[in-house]
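# Structural characterization, general
Here's the letter readout for the chains.
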Amino acid sequence: MKHLLLLLAALPAAIAVQAQAPAGSVGIGTATPNAKAALDVTATDKGVLVPRLTQAQRTAIAAPVPAGLLVYQTDGMPGFWYYEATAGWTSLGAGDNLGNHTATQTLNLNAQRLLGTAATSLGDSTAQVELTASVGTQSTALITRSNFGARYSRVMLSGYGKLPEGTTTANDYGIWATAYRGGGWAGFFSAGSTTTPLRWVGICQNPGYNNTGSAIRIVDGTQAAGKVLTSDGVGYGTWQPITAAGANFNLGPYYLVGNGGSTGLAITNTGRVGINVAAPYSQLANTASNIIGSEGSGGNPGSLAWAASQTGYVGMFYNANAAANASGLAVKIANNGTTAALDVSQGANQDVAGATLLRVLGNGNVGIGMGTPSYKLDVSGQIRANNVAVTSDQRFKTNVRAISSPLASVLALRGVRYEWNALGVRHGGTAGAKQVGMLAQEVEKIYPELVSTDAEGYKAVNYAQLTPVLLEAIKEQQQQIEALKTRAVTAEAQATATSEAFEARLRRLELIGAEAHK
């Protein structure tokens, strides 16, 4: 202890011996300390040891800690630490070792830039910033990231990983850019002057919050709605209207195919289009029986036919939409005339008229099995229905009056049994079928309202409207029956009264005879 006290007492004297002008500078190992230094230590085989503390000891230094205090930390992140008034304790190295150009930890630039300037050529394969990722797992050579709140954009160059984000399989990629800002672009390239028009290319726009956007956008001042990107003879591309094609697109002897097919759409030099056929039969066709437009011979222009896969149908229209305003099939015909506007016939030959199944005329008459319908619905054959309602609202009628002498009229009508002759068969009757009905000419004499005559002079009876006549006839007949019943009751009552009076007189006579006998 005695020797230690003597050493401490002699140290100021030794330092004072080394002290030189200017005043305030102290030199150790030098007689001429630097005038800018309060303490100048000079040595060729020694260093300066500052206090060595653990992290716990450093952080335990009592406040206030003076700015500039320097210590060496021995654990945690070993190295020199100094205290700043605003930042607190700060590491001078934090373990990084760039002296041999190899970083051992992440270099945080904070708000600063990584800047380099090349005054001479570095060569084609050398760059001021050059990064190489040579690892066997997912890695990226260079990634830049811009953060703004919860949104961020990033660019990754030359790496191995899952691309795009969300995929399950990793693969190599050259450039992967992602823009998370609404309306942002994952790739944006521009060049040249910033004056109008600014030329740029954007790739993969983020749809943002309005769910719109596009995959690629090219802006060069010629862009507009409905244009396509075309090139000139040297490869310069510009936006041009679709109608500005320089020439026809010629398929030659080839098909327009899709999805790797070998056959598809063929177009002849006369404008016919074939589907899976090299020689189309009509304007649009795939077989001679499945055509749209004029057929090959030109003898049936405007024809239209389909072939359906459902057995028994050559044409089929179907709509499964049950909505009240569901789309369907609309056929518009002329507003007058008696020519056929819609005709469904049955026959074996394509260009030969067949037997009429359904025909609609231009005047609105519809025939079923009838080639020339004379009524709004003219049926050749039997009709079967579960219920038929006939309009009979009182509000639709005027000049209403009773049917006079219905029973006499019905008694004048004649019901007959008959069979159709050849003329009747041609108009819808069934040959050999037993029929019950009336003769229209006989009915017309009594009730002309029940008989109609078509354009050919043939007559028809409205059997449905005969019902009110029969109803009134039954009512009239019932009235007669009720009158006869009343007369019969009256006669019976009179006969009973007469019989009772006769019996009373007979009993009185019997009493008189008995008295006389006594």
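Everything numeric here is computed off the predicted structure, so don't read it as measured data. (Residues numbered from 1 in each chain as written. Predicted model: local features only at pLDDT ≥ 70, side-chain atom pairs only at ≥ 80, totals over all residues. Heavy atoms only, no water.)

## A short note on the overall build of the chain
To keep things clear, this is the line we draw: Runs of H or I in DSSP of at least four residues are treated as helices and runs of E of at least two as strands, each being numbered from the N terminus. Each residue is placed in one exposure class: buried if its accessible area under a 1.4 Å probe, protein chains only, is under 20% of its type's maximum, exposed if it is over 50%, and partly exposed if it falls in between. By definition, residues are in contact when any of their heavy atoms lie within 4.5 Å. Using a 1.4 Å probe, the Shrake-Rupley method yields the accessible areas, and only the shown protein chains count as cover for residues.
Looking only at helices and strands, the chain has 6 helices and 26 strands in total. Out of the 518 residues belonging to the chain, those deemed buried represent 15%. Considering only residue pairs separated by 6 or more positions, the chain has 17% of its internal contacts joining residues 24 or more positions apart. Total accessible area computed for the chain in this model is approximately 39,400 Å², and 56% of it derives from carbon and sulfur atoms.

## Concerning the sheet that holds strand β22 (residues 377-379)
The condition is simple: By this definition, two strands are paired if DSSP reports at least two bridges between them. To get an axis, a line is fitted to the C-alpha atoms, and for a helix only the part in contact is used. The angle between two axes follows their N-to-C directions and goes from 0 to 180 degrees.
Taken in spatial order, the 4 strands line up as β19-β20-β21-β22 in an open sheet, and their pairing is mixed. Two strands in the sheet have a free side with no partner beyond their single neighbour: β19 (340-346) and β22. With strand direction ignored, the average angle separating the axes of adjacent strands in the sheet is 15°.

## What to know about the nonpolar core
Under the convention used in this document: What makes a nonpolar core is a set of buried Ala, Val, Leu, Ile, Met, Phe, Trp, Tyr and Cys residues whose side-chain atoms join them at distances within 4.5 Å.
In terms of nonpolar packing, the biggest core is built from 10 residues, these being Leu413, Met438, Ala440, Val443, Tyr447, Leu450, Val451, Val461, Leu466 and Val469. Mapped onto this core, the elements with two or more residues apiece are α5 (440-446) and α6 (466-517). With near-sequence residues (within four places) excluded, Val469 lies in contact with Ile403, Pro406, Val410 and Tyr447.

## Considering the sheet that holds strand β6 (residues 88-91)
With mixed pairing, 4 strands are arranged side by side in an open sheet as β3-β4-β5-β6. Sheet topology places β3 (52-53) and β6 at the edges, where each strand pairs with a single neighbour. Where strand β4 (residues 70-73) meets strand β5 (residues 79-84), 4 bridges bridge the pair, whose relative direction is antiparallel. Bridging from a neighbouring strand, Tyr72 pairs with Phe80 of β5.

## Some points on the packing of aromatic side chains
This is how the line gets drawn: Pairing of aromatic side chains here covers Phe, Tyr and the six-membered ring of Trp, requires ring centres within 6.5 Å, and sorts the geometry by plane angle: under 30 degrees stacked, over 60 edge-to-face, intermediate tilted. Cation placement over rings: the criterion is NZ of Lys or CZ of Arg within 6 Å of the ring centroid and within 35° of the ring normal.
Evaluation of the coordinates by the stated rule reveals 3 aromatic pairs. Judged by centre distance (5.2 Å) and plane angle (75°), the ring pair of Tyr72 and Phe80 falls under edge-to-face. Tyr72 gets classed as partly exposed once you look at its relative accessible area, which sits at 29%. Judged by relative accessible area, Phe80 falls into the partly exposed class, the value being 37%. Between Tyr83 and Trp89, the aromatic rings sit 5.4 Å apart at their centres with planes inclined by 75°, giving edge-to-face as the arrangement. With a relative accessible area of 19%, Trp89 lands in the buried category. Positioned above the aromatic ring of Trp81, the side-chain terminus of Arg58 is 4.1 Å from the ring centre.

## A short note on the environment of Arg58
Stated precisely, the cut-off is as follows: Nitrogen and oxygen atoms within 3.5 Å of one another constitute a polar contact, given that in protein one can donate a hydrogen and the other can accept it, and given that sequence-neighbouring residues count only through two side-chain atoms.
Structurally, the position occupied by Arg58 is in helix α2 (residues 55-59). For the pair formed by Arg58 and Trp89, sequence separation is 31 residues and the distance between their alpha carbons is 9.0 Å. With sequence-adjacent residues up to four places away left out, Arg58 is seen in contact with Leu53, Val71, Gln73, Trp81 and Trp89. In terms of polar contacts, Arg58 uses its side chain to reach the side chain of Gln73, at 2.7 Å.

## Observations concerning the pattern of salt bridges
Note the cut-off: In what follows, salt bridge is the name for a side-chain nitrogen of Lys or Arg lying within 4 Å of a carboxyl oxygen of Asp or Glu.
Scanning all chains against the criterion turns up 7 salt bridges. Here Lys434 ties to Glu419 by a salt bridge, and the two come within 2.3 Å at their closest N and O atoms. Linking Lys434 in the loop between α4 (422-426) and β24 (435-437) with Glu419 in the loop between β23 (416-418) and α4, this pair joins segments that are 15 residues apart in sequence. Residue Glu419 is classed as partly exposed on the basis of its relative accessible area of 43%. The salt bridge partner of Glu444 is Lys459, with a shortest N-O separation of 3.4 Å. Pair noted here: Glu444 is in helix α5 and Lys459 is in strand β26 (residues 459-461), with a separation of 15 residues, a long-range link.

## What to know about the side chain of Gln73
Structurally, Gln73 can be placed in strand β4. Assessed through its relative accessible area of 1%, Gln73 is described here as buried. A distance of 2.7 Å separates a polar side-chain atom of Gln73 from the backbone oxygen of Asp75. When sequence neighbours within four positions are dropped, the list of residues in contact with Gln73 reads Leu53, Thr54, Gln55, Arg58, Pro78, Gly79 and Trp81.

## Focus on unusual backbone geometry
The peptide bond linking Ala63 to Pro64 adopts the cis configuration, its omega dihedral lying at 0°. Following the sequence through the fold, Pro64 ends up in the loop between α2 and β4. Of note in the backbone geometry, Asn399 takes a positive phi value of approximately 55° without being a glycine. The topology assignment puts Asn399 in the loop between β22 and α3 (406-412). On the accessibility criterion, Asn399 (59% relative accessible area) is exposed. The phi dihedral of Ser405 is positive, around 50°, even though this residue is not glycine.

## Focus: a nonpolar patch on the surface
Put simply, the rule is: Like-charged residues within 9 Å of one another, or nonpolar side chains (Val, Leu, Ile, Met, Phe, Trp, Tyr) within 5 Å, are grouped into patches, provided each residue has over 30% relative accessible area and no salt bridge.
Taken together, the side chains of Leu107, Leu109, Leu114, Val129, Leu131 and Leu142 define a hydrophobic patch exposed on the protein surface, amounting to about 550 Å² of accessible area. By the element assignment, Leu142 lies in strand β7 (residues 139-148). Judged by its relative accessible area of 32%, Leu142 is partly exposed.

## Remarks on the side chain of Asp40
Condition: Counting rule for charge: Lys and Arg are taken as positive, Asp and Glu as negative, and neither His nor the chain ends is counted.
Of note, Asp40 is situated in strand β2 (residues 39-41). The buried charged residue Asp40 lacks any salt bridge partner; its closest oppositely charged side chain belongs to Lys36, at an N-O distance of 13 Å. Among the polar contacts made by the side chain of Asp40, one reaches the main-chain amide nitrogen of Asn34 at a distance of 3.0 Å. Residues in contact with Asp40, not counting those within four places in the same chain, are Val26, Gly27, Ile28, Thr30, Thr32, Pro33 and Asn34.

## With respect to α6
Rule in force here: For a helix, the expected span equals 1.5 Å multiplied by the residue count minus one.
When the terminal C-alpha atoms of α6 are compared, their 76 Å separation across 52 residues agrees well with the 76 Å that a helix rising 1.5 Å per residue should span. Where α6 is concerned, the buried positions are Leu466, Val469 and Ala473. Buried residues along α6 sit against α3.

The analysis is restricted to geometry; functional conclusions fall outside its scope.
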